[in-house]
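Listed here are the chains, written in short residue letters.
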Amino acid sequence: MMGQKKFLLLLLFMTVVLNFNGNITFVVYYLTFVCSFFVISSIAYDENDNGYPFLFCLPIDRSVYVREKYVFEILLNIVSWLAGFSICFLFQAVRNNLDPLRENILTMLLILPIVLIFDSVVLPFQFKFGNEKGRIVLLCCFIIAFATGYILDQALNLSHGILNLIQYHPNLSGLALGAVTVLTTAASYVVSVAVMKKKEF
């Protein structure tokens, strides 16, 4: 992360620039989604120059290695979401107009579990196919994610049924979405551990 601090600063700069556009939902989605790729890049760095055989000579097994990546993913997504939300809050506070933030808070809260689910789908493929083949899978997932985001955005503009459901049944909706996120992440972790245990270096 420190080695890519210039890229992180560029991300923060882009987040600030995008705030002038006024689409605060996209700002939070952009920062959270792009930061999640640091987990993928960390796996690629580990794989380069026969890094895996060296890593597993250390007092660490494959299950611990996979678990570390998932913990890193969750923490990184939460921190990047909070950073994006905080930047948007500061901008709206300076403008003395917090209404857009209040109106889009539910949509913004949906971003974090969506990105977590996306990462849970991508990580097993990255462990399975490695850096080279994983790029193709990653590109396909990237396209699917943005297409899904666009479709959801259009659907929410046409109908607020999902948001109304969350608004009138926040506890039920939150539990359902949380359960889906936890189950997807847990299943992804189990698959990733199985993939790594079978992988030969």
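Refer to the structure above for everything that follows.
What counts, and where the lines are drawn
- Residues numbered from 1 in each chain as written.
- Predicted model: local features only at pLDDT ≥ 70, side-chain atom pairs only at ≥ 80, totals over all residues.
- Heavy atoms only, no water.
- Helix = DSSP H or I, 4+ residues; strand = E, 2+ residues; numbered from the N terminus.
- Buried < 20%, exposed > 50% of the residue type's maximum accessible area, 1.4 Å probe, protein only.
- Contact = heavy atoms within 4.5 Å.
- Areas by Shrake-Rupley, 256 points an atom, 1.4 Å probe, with all protein chains shown as cover.
- Salt bridge = Lys/Arg side-chain N within 4 Å of Asp/Glu carboxyl O.
- Core = buried A, V, L, I, M, F, W, Y, C linked by side-chain atoms within 4.5 Å.
- Expected span 1.5 Å × (residues − 1).
- Phe/Tyr/Trp six-rings, centres within 6.5 Å; stacked < 30°, edge-to-face > 60°.
- Lys NZ or Arg CZ within 6 Å of the ring centre and 35° of its normal.
- Axes fitted to C-alpha atoms, helices over the stretch in contact; angles between N-to-C directions.
- Parallel < 35°, antiparallel > 145°, perpendicular 65-115°, else oblique.
- Left-handed = near helix turned anticlockwise from the far one by under 90°.
- Nonpolar A, V, L, I, M, F, W, Y, C, P; charged D, E, K, R; others polar.

A. Structural context of the overall build of the protein. Assigned secondary structure in the protein consists of 8 helices and 0 strands. What you see in the protein, going N to C, is helices and strands ordered as α-α-α-α-α-α-α-α. For the protein, the proportion of its 201 residues judged to be buried stands at 39%. Within the protein, contacts between residues separated by at least 24 positions form 80% of all contacts whose residues are at least 6 apart in sequence. Counting only carbon and sulfur atoms, one obtains 71% of the accessible surface of the protein, whose full area is about 11900 Å².

B. Spatial organisation of the pattern of salt bridges. The tally for this structure, following the rule as stated, stands at 2 salt bridges. One salt bridge in this structure joins Asp-46 and Lys-69, with 2.9 Å as the shortest N-O distance. Of this pair, Asp-46 sits in helix α3 (residues 37-47) while Lys-69 is found in helix α5 (residues 62-94), placing the two residues 23 residues apart along the sequence. We classify Asp-46 as buried; its relative accessible area is 18%. We note a salt bridge from Lys-69 to Glu-68, for which the minimum N-O separation is 3.7 Å. Its relative accessible area of 4% is what places Lys-69 among the buried residues. It is possible to trace a salt-bridge network through shared partners that takes in Asp-46, Glu-68 and Lys-69.

C. Just the environment of Leu-112, in detail. Inspection of the secondary structure puts Leu-112 in helix α6 (residues 99-158). When neighbours within four sequence positions are excluded, Leu-112 is seen to be in contact with Asn-77, Ile-78 and Trp-81.

D. Broad picture of the nonpolar core. One finds Tyr-65 and Phe-127 to be the most contacted residues of the largest nonpolar core, which totals 33 residues. Those elements giving two or more residues to this core turn out to be α2 (24-35), α3, α5, α6 and α8 (170-198). Looking at this core element by element, the count peaks at 10 residues for α6. Setting aside chain neighbours within four positions, we find Tyr-65 in contact with Ile-43, Asp-46, Tyr-52, Leu-55, Phe-56, Ile-60, Phe-127 and Met-196.

E. Region of interest: α2. The end-to-end C-alpha distance of α2, which contains 12 residues, comes to 17 Å, matching closely the 16 Å that a straight helix rising 1.5 Å per residue would cover. The element α2 is extensively covered by neighbouring structure, given that 11 of its 12 residues are classed as buried. Residues of α2 that are buried include every one of Ile-24, Thr-25, Val-27, Val-28, Tyr-29, Tyr-30, Leu-31, Thr-32, Phe-33, Val-34 and Cys-35, and no others.

F. View of the packing of aromatic side chains. The final tally for this structure, using the stated rule, is 8 aromatic pairs. The interplanar angle of 15° and the centroid separation of 5.6 Å between the aromatic rings of Tyr-29 and Phe-33 together place this pair among those described as stacked. Linking Tyr-29 with Phe-33, this pair stays in helix α2, spanning 4 residues, or about one helical turn. On the basis of an interplanar angle of 80° and a centroid distance of 5.7 Å, the ring pair of Phe-56 and Tyr-65 is categorised as edge-to-face. For the pair Phe-56 and Tyr-65, a shared accessibility class is recorded, and that class is buried. An aromatic cluster of three or more residues is present, and its members are Tyr-52, Phe-56, Tyr-65 and Phe-127. The ring of Phe-56 has Arg-62 sitting right over it, with the charged end atom 5.3 Å from the ring centre.

G. Representation of the packing of α2 against α5 within the structure. Here α2 crosses α5 at 155°, and the two axes come no closer than 8 Å. Relative to α5, α2 is oriented roughly antiparallel. Crossing angle aside, the handedness with which α2 passes α5 is right-handed. Here α2 contributes Ile-24, Val-27, Val-28, Leu-31, Thr-32 and Cys-35 to the contact with α5, which in turn contributes Leu-76, Asn-77, Ser-80, Trp-81, Ala-83, Gly-84, Phe-85, Cys-88 and Gln-92. Classifying every residue of the contact of α2 with α5 by side-chain character gives 10 nonpolar, 5 polar and no charged.

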